[in-house]
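# Descriptive analysis of the structure
Listed below, chain by chain, are the residues.
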Amino acid sequence: MAFMEKPPAGKVLLDDTVPLTAAIEASQSLQSHTEYIIRVQRGISVENSWQIVRRYSDFDLLNNSLQIAGLSLPLPPKKLIGNMDREFIAERQKGLQNYLNVITTNHILSNCELVKKFLDPNNYSANYTEIALQQVSMFFRSEPKWEVVEPLKDIGWRIRKKYFLMKIKNQPKERLVLSWADLGPDKYLSDKDFQCLIKLLPSCLHPYIYRVTFATANESSALLIRMFNEKGTLKDLIYKAKPKDPFLRKYCNPKKIQGLELQQIKTYGRQILEVLKFLHDKGFPYGHLHASNVMLEGDTCRLLDLENSLLGLPSFYRSYFAQFRKINTLESVDVHCFGHLLYEMTYGRPPDSVPVDSFPPAPSMAVVAVLESTLSCEACKNGMPTVSRLLQMPLFSDVLLTTSEKPQFKIPTKLKEALRIAKECIEKRLIEEQKQIHQHRRLTRAQSHHGSEEERKKRKILARKKSKRSAVENSEEHSAKYSNSNNSAGSGASSPLTSPSSPTPPSTAAALGLGKRCKGRDFHITSTSSASTTSSSLASCEHRGAPTASAPGCERGEPRGLTQLHPELPERNFEESRNL
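Notes on the structure follow. Model, not experiment: these values are computed from the prediction.

Taken together, the side chains of R325, K435, R442 and R445 present a region of like positive charge at the surface. Along the chain, R325 falls in the loop between α11 (318-321) and α12 (330-347).

Okay, here's the thing in structure tokens:
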């Protein structure tokens, strides 16, 4: 049934769960107002960023729209006089940056359509409610028995999924809910397999799966109809909210935070684990467990939105488990999401951050044991337990389930193979994203460590040591050069011997002949080029007092010759020294 248009070729399917970050880079003052230039980035890639220009009035309009959430957001106050002063603009810019940080780090606010349109108008400018209504109207042309009662505006968190309250014309008192959803980035099924699997969903019968009344799809989207439940979902029970209210009003700031009773936690938890095990055994990918996807009928929990994985929609908790490389299969994703759900049932609110370092007091230590196995640092680092392992834990092992309904969900072999391939593709994209986040985190830590105060002090100390070491080496090298230059022009006794082929200079020969012991007295003659100095030295040596015995090789008043001191030198050198 082709009741919706096919998406244009090359259409980019955005992952709406990828967080957006915003930083005010500059401000510019015009005649009557100030504009703030904001750099917005999707995910961790700097290349995937763009600039937007916003005035204070734009921030004020966004803040007024977000008041439905009931949160006290830190928007700087208005100022009518003096709002163009440079100091005031700088102070206001800091306040607006803090405001952006708050709304982009809040898990619910950051995923809402209002914030997405403010930060990324190019990709979120379309009116999805109008688009959905047009497609639904086209569908009713061929199915006249259905009739729209009213749109259920923003009751869900997804931007591209819309809900309408329906009725059957011949049963006007009965109310149903129609959900329409666009395709997501993880849609890997072929168009034919996708449509077959969507139409197969009404045949799925399970005591803990909320039954689909009608389902159809085309190449670009899917439409499903279910019975409307006045009591709402498990999240409505926890937060004591009205099912028809907008998502922001229901769950952003609950008036009363109170968890469920221990027996409810045990029963609901066991029922949800049973249906997850059923889907895993069937090879049907899910990955979309959270409290809003669990419908309550009396004391029975029933799972919703099995079509999400077929449509390729990202999970509500994707920004959490994408941080941990060990949560890389849809089965482990379901277990991790079950930990979030159990935390909400226990404490009446979601965890402040994941992983959870310490858990508040719980109704039973058995609850804490399950939470530690799914949300603790060790669990996120080492991996999740299986659903079968959770069913064996003390919290759920003693729960008795009484149901007479027999599960039925027959999937043809060909479609099972298509589901297996699609599941592998979904997990492959998740693993690649986790790898990029891990590399980015390592780089950020290294840069942060390199720029820390302690690291800067270490680098300064090392630089000083290196400078001192270099100065010492330079000084030693200079001293060595200076010593070598002095030796080359210094004492003849330490001068190197000349080669026989080159005649010895007269001054050197005189020093070699006279710089020794003579008549038991020590004296030295420094090398000089003056012949008169050498002659006077010889004369002084001859007129000194002589000892009783002459030194070997040296007569009275006669210096030892070079041939006695160094026999290896030629006689010619000795004669030259005697002549001097």
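On we go from here.
The next subject is the pattern of salt bridges. Summed over all chains, the structure comprises 29 salt bridges. In this structure, the salt-bridge partner of R318 is D186, at a minimum N-O distance of 3.9 Å. Of this pair, R318 sits in helix α11 while D186 sits in the loop between β6 (171-182) and α6 (191-200), and the two are 132 residues apart along the sequence. Connected through salt bridges with shared partners, the residues D15, D186, R318, R429 and E433 form a single ionic network.

Attention now goes to the sheet that holds strand β4 (residues 146-152). If you trace the five strands from one edge of the open sheet to the other, you get β4-β5-β6-β8-β7, paired in antiparallel fashion. Among the strands making up the open sheet, the edge pair consists of β4 and β7 (214-217). Taking each pair of neighbouring strands and ignoring which way they run, the sheet shows an average axis angle of 25 degrees. Where β4 and strand β5 (residues 161-168) come together, six bridges link them in antiparallel fashion. Bridge pairing in β5 links E150 to L165. The sheet contacts of helix α5 (residues 128-142) involve β4, β5, β6, β7 and β8 (221-227), and relative to β5 the element is tilted by about 35 degrees. Running at roughly 175 degrees to β7, α6 makes contact with β7 and β8 of the sheet.

Further remarks concern the sheet that holds strand β1 (residues 20-29). As summarised here, the arrangement of the three strands in space is β1-β2-β3, forming an open sheet in which the pairing is antiparallel. Every interior strand has two partners, whereas the edge strands, β1 and β3 (49-55), have only one. On average, each strand axis in the sheet is tilted by 25 degrees relative to the strand beside it, whichever way the strands run. Two strands pair when backbone bridges link them, and strand β2 (residues 34-42) and β3 are joined in this way by seven bridges, in the antiparallel orientation. Bridge pairing links Y36 to R54 in β3. Most of the contacts of helix α1 (residues 56-65) go to β3, to which it runs at about 90 degrees, and overall it touches β2 and β3. Contacts from helix α2 (residues 86-105) reach β1 and β2 within the one sheet, and its direction differs from that of β1 by about 165 degrees.

Rules used in this analysis
Residues numbered from 1 in each chain as written. Predicted model: local features only at pLDDT ≥ 70, side-chain atom pairs only at ≥ 80, totals over all residues. Heavy atoms only, no water. Patch = residues over 30% accessible without salt bridge, like charges linked within 9 Å, V, L, I, M, F, W, Y side chains within 5 Å. Areas by Shrake-Rupley, 256 points an atom, 1.4 Å probe, with all protein chains shown as cover. Salt bridge = Lys/Arg side-chain N within 4 Å of Asp/Glu carboxyl O. Lys, Arg positive; Asp, Glu negative; His and termini not counted. Charge placed at Lys NZ, Arg CZ, Asp CG, Glu CD. Helix = DSSP H or I, 4+ residues; strand = E, 2+ residues; numbered from the N terminus. Pairing = 2+ DSSP bridges. Axes fitted to C-alpha atoms, helices over the stretch in contact; angles between N-to-C directions. Contact = heavy atoms within 4.5 Å.

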